[in-house]
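Inside the fold
Listed here are the chains, written in short residue letters.
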Amino acid sequence: MCSLHTGVRFGLENHPERTPSEVLEAIGDAEAIGAAVDTGWWATQGYDPVAAIHELSARLFHVHLKDVEEPGTHVTCMHGEGCARIFDCVEALLDIGYAGPVSIEHHSFDRDPTPECARALTVIREQLAIHVSSVRFALPSSGAGTSRARTARRWAPIRRCGSPAPLTSTPR
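All values derive from a computational prediction rather than experimental measurement.

1. Some remarks on the overall build of the protein chain
- Of regular secondary structure, the protein chain possesses 6 helices and 9 strands.
- With 172 residues in all, the protein chain has 41% of them scored as buried.
- For the protein chain, long-range pairs separated by at least 24 residues make up 65% of all intrachain contacts whose partners lie at least 6 apart in sequence.
- Accessible surface computed for the protein chain: about 9,500 Å², of which carbon and sulfur atoms make up 55%.

Written as structure tokens, this is what we have:
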């Protein structure tokens with residue numbers, strides 16, 4: 001049965017691909033195949049993960065937020081301590097209106113990364129909460145012709161029964 005009928009989608013993660021155009025070429029035109037952005041691998045390849053998010057936005061199915069110490073190596077580190085610009089990646093996801101799954105990824109070989117993953121999850125939830133709390137309402141005045149206006153940034157995963165974002169935190 002075709003994946004379009006089952007709802008199953010496949011996201012190709014950028015490991016050997018060095019540019020978003022290589023990812024787009026690999027996934028082709030099939031609607032059920034898209035991109036799984038791994039910010040750490042983009043940084044490892046020396047490509048700006050923020051630019052990759054923007055360039056792949058129309059085909060983005062999943063995001064792994066991972067930071068690495070420096071380009072050319074794939075040594076992961078706590079979010080914000082490396083070169084993947086995690087804060088800016090989250091801002092880019094908000095800018096493009098991404099509402100799909102996001103995973104926090106960190107696989108340290110010299111220690112248990114669980115506390116760092118939990119801390120990264122807290123920081124990202126705080127960043128998202130700033131956007132949610134920035135929702136502004138302009139209430140109508142008593143004057144004629146005034147309309148009610150509402151502006152907000154949309155980040156769908158953070159609005160599940162008023163609870164924080166269902167982001168996953170998976171040490172590997």
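2. So, the pattern of salt bridges
- Using the criterion set out here, one finds 7 salt bridges in the structure.
- The salt bridge involving Glu81 is made with Arg119; its shortest N-O contact spans 3.9 Å. Separated by 38 residues along the polypeptide, Glu81 in the loop between strand 5 (76-77) and helix 5 (86-96) and Arg119 in helix 6 (residues 114-133) bring together distant segments of the chain.
- When salt bridges that share partners are traced, they join Asp38, Lys66 and Glu105 into one network.

3. Observations regarding the environment of Val50
- Among the structural elements, Val50 can be located in helix 4 (residues 49-55).
- Not counting residues up to four positions away in its chain, the partners in contact with Val50 are Arg85, Asp88, Cys89 and Ala92.

4. Quick notes on helix 5
- Listed as buried for helix 5 are Ile86, Cys89, Val90, Glu91, Ala92, Leu93 and Leu94.
- Once helix 5 finishes, Gly97 follows within two positions and takes phi at roughly 75°, a positive value.

5. Section: the side chain of Gln127
- By secondary structure assignment, the location of Gln127 is in helix 6.
- Residue Gln127 is classed as buried on the basis of its relative accessible area, which comes to 6%.
- Gln127 has contacts with Phe87, Val90 and Glu91, leaving out every residue within four places of it along the chain.

Definitions and cut-offs
Residues numbered from 1 in each chain as written. Predicted model: local features only at pLDDT ≥ 70, side-chain atom pairs only at ≥ 80, totals over all residues. Heavy atoms only, no water. Helix = DSSP H or I, 4+ residues; strand = E, 2+ residues; numbered from the N terminus. Buried < 20%, exposed > 50% of the residue type's maximum accessible area, 1.4 Å probe, protein only. Contact = heavy atoms within 4.5 Å. Areas by Shrake-Rupley, 256 points an atom, 1.4 Å probe, with all protein chains shown as cover. Salt bridge = Lys/Arg side-chain N within 4 Å of Asp/Glu carboxyl O.

Shape descriptors only; they carry no functional weight alone.
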